[in-house]
Amino acid sequence: MKILRCLLALLFFFESFGDYESEYKPRCLPIETPDQPERSQFVIKAPSGWAYRTFKGNNGLVGVLWPKGTSFSDCDTAVFVFIQNFDEPLPKIPDNIQIFGEKCQKAEFKFADRKNDQDKTFSIEEKYFSGFCGRTQILFEEKVKNFRIITMLASSFYVSRDLFEDVKYIVSAYKTEIEDSLGIKNKKTS
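Residues numbered from 1 in each chain as written. Predicted model: local features only at pLDDT ≥ 70, side-chain atom pairs only at ≥ 80, totals over all residues. Heavy atoms only, no water.

Examining the sheet that holds strand E6 (residues 136–144)
Point 1. Here we have five strands laid out as an open sheet, ordered E1-E2-E3-E7-E6, and antiparallel in their pairing. In this open sheet, the two strands that pair with only one neighbour each are strand E1 (50–54) and E6. Direction aside, neighbouring strands of the sheet carry axes that sit 15 degrees apart on average.
Point 2. Where strand E2 (residues 60–67) meets strand E3 (residues 77–85), five bridges bridge the pair, whose relative direction is antiparallel. Across the sheet, residue Gly63 finds its bridge partner in E3, namely Val81.
Point 3. The strands touched by helix H5 (residues 161–182) within the sheet are E1, E2, E3, E6 and strand E7 (147–155), with E6 carrying the most contacts at an inclination of about 20 degrees. (Pairing = 2+ DSSP bridges. Helix = DSSP H or I, 4+ residues; strand = E, 2+ residues; numbered from the N terminus. Axes fitted to C-alpha atoms, helices over the stretch in contact; angles between N-to-C directions. Contact = heavy atoms within 4.5 Å.)

Section: the nonpolar core
A general tendency of soluble globular proteins is for nonpolar side chains to be buried together.
Point 1. Ranked by internal contacts, the top residues of the largest apolar core, which has 25 residues, are Phe80, Phe82, Phe100, Phe109 and Phe129.
Point 2. Broken down by secondary-structure element, the contributors of at least two residues to this core are E2, E3, helix H2 (97–103), strand E4 (107–109) and E7. (Core = buried A, V, L, I, M, F, W, Y, C linked by side-chain atoms within 4.5 Å. Buried < 20%, exposed > 50% of the residue type's maximum accessible area, 1.4 Å probe, protein only.)

Now the structure itself:
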């Protein structure tokens, strides 16, 4: 009888030890982490004072910048960088366009067709946008072979000269990034 009690006690001990282990095993799901972060093939160094995010895509929105100290969802000023690559088939809906639509609900980005792209009488706004975003909207377009870099600064207030200079830097940095990726050497004379 003593042996039976000892066996039961031993069995009870191992049962409770097994529950102890399972109680403290993590029971949550891990955070999904992609193998490759979702980034554009063109990435620049953001000017100081700017937060920056890139998006995967060949034709459409590839980058967004906003002032540090705010978040994209609550910022009053944002810079949107679009790429149109005429060497690739254009999708019906530009890549990542929903992100632009969240901030600029009264504006719409569209691709330029080849005819409008070559016509010098069309403004950047006429070629790529319909509607307006913010109190101040400044648009830049750079052409590198069959790539078009369209940069839009949208702000709910009038912009300072420093802000304007930051956006000019962003435009030139993207142009340089595309030229470097295509193997085009900058021919600057000193």
